[in-house]
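Letter by letter, the chains look like this.
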Amino acid sequence: MAEIKLANEVRTEFGKGVARRIRRADKVPGVVYGHGAEPVHVTLPGHELLLALRTANVLIGLEIEGKSALVIPKAVQRHPLKGTIEHVDLLTVKRGEKVEVEIAVQTEGDLAPGANLLEFVQNTLLVEAEATHIPESVTVSVAGLDAGDSIVAKDIELPKGSTLAGDEDAIVIQVVAAQAEEPAADEAAAEDEAAEA
């Protein structure tokens, strides 16, 4: 996974008013924490951060008070209507260190013939991986699955270097039969009257 370097400034002012001022300048307030160090409050460039976060579990390189730091996003708060980033929590990681992250579950293949629907019970998997080699996603084959079939977490082949960190018996994907729609009450009554006539 490529490392994205972002410019940043250490913040010493806090509060809602300060956060609003930062956002008006197209920047995002954030906090960097981890490895038992004191949290460091930073300001990041809004557009560049938005682009970086398009990659799941992106590895970000920062210069904080003259020292290089590698971080991954741990929590991102977005504006409920605009979708803009309001605040970001960043976790400090080291090369070679294992971290727990959620990766997206994708599917490939066609279900068995019939009116079946694929249902994602979970669309992500919690895995443990080396901080600089976090997989973006995992692909699961659903070829030939029929109604009633399911795939549990332990049955999914994870990318090399990753191990399952969540419940291994959790159902991730299941196949359900499509439900036939009940005729509307008026139509059913009309059919009953037509049958009686």
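Residues numbered from 1 in each chain as written. Predicted model: local features only at pLDDT ≥ 70, side-chain atom pairs only at ≥ 80, totals over all residues. Heavy atoms only, no water.

Visitor: Got a sec to walk through the nonpolar core? Specific residues and values, please.
Guide: Counting residues in hydrophobic clusters, the biggest one holds 24 residues, and the most contacted among them are Ile72, Leu125 and Ile156. Of all the secondary structure elements, the ones that give two or more residues to this core are β6 (67–78), β7 (85–93), β8 (98–108), β10 (124–130), β11 (137–141) and β14 (171–177). For this core, the element with the most residues is β8, which contributes four residues. Other than its neighbours up to four places away in sequence, Ile72 contacts Asn57, Val58, Leu59, Asp89, Leu90, Leu91, Val93, Val99, Val101 and Ile134. (Core = buried A, V, L, I, M, F, W, Y, C linked by side-chain atoms within 4.5 Å. Buried < 20%, exposed > 50% of the residue type's maximum accessible area, 1.4 Å probe, protein only. Helix = DSSP H or I, 4+ residues; strand = E, 2+ residues; numbered from the N terminus. Contact = heavy atoms within 4.5 Å.)

Visitor: Please provide a residue-by-residue account of the pattern of salt bridges, values included.
Guide: In the structure shown here, the tally under the stated rule is three salt bridges. Between Glu9 and Lys27 there is a salt bridge whose closest N-O contact spans 3.0 Å. Linking Glu9 in strand β2 (residues 9–10) with Lys27 in strand β3 (residues 27–34), this pair joins segments that are 18 residues apart in sequence. The shortest N-O distance in the salt bridge between Lys154 and Asp169 comes to 3.0 Å. With Lys154 in the loop between β12 (150–152) and β13 (163–164) and Asp169 in the loop between β13 and β14, this pair connects stretches of sequence that are 15 residues apart. On the basis of relative accessibility, which here comes to 48%, the residue Lys154 falls in the partly exposed class. Under the relative-accessibility criterion, Asp169 is labelled partly exposed at 45%. (Salt bridge = Lys/Arg side-chain N within 4 Å of Asp/Glu carboxyl O.)

Visitor: Give me the lowdown on the confidence of the model for the chain, citing residues and values where you can.
Guide: Parts of the model with low pLDDT should not have their predicted coordinates read in detail. Per-residue pLDDT for the chain averages 84, and the proportion of residues at 70 or more is 90%. Taken element by element, the chain is modelled with least confidence in helix α3 (residues 185–196), mean pLDDT 56, and with most confidence in β12, mean pLDDT 93. (pLDDT = per-residue confidence, 0-100.)

Visitor: Explain the sheet that holds β13 residue by residue, including any values.
Guide: Strand order across the open sheet formed by four strands is β11-β8-β10-β13, with mixed pairing between neighbours. Each edge of the sheet is formed by a strand with only one pairing partner; in this case those strands are β11 and β13. The pairing of β10 with β13 spans two bridges and is classified as antiparallel. Across the sheet, Val127 pairs through a bridge with Leu164, a residue of β13. (Pairing = 2+ DSSP bridges.)

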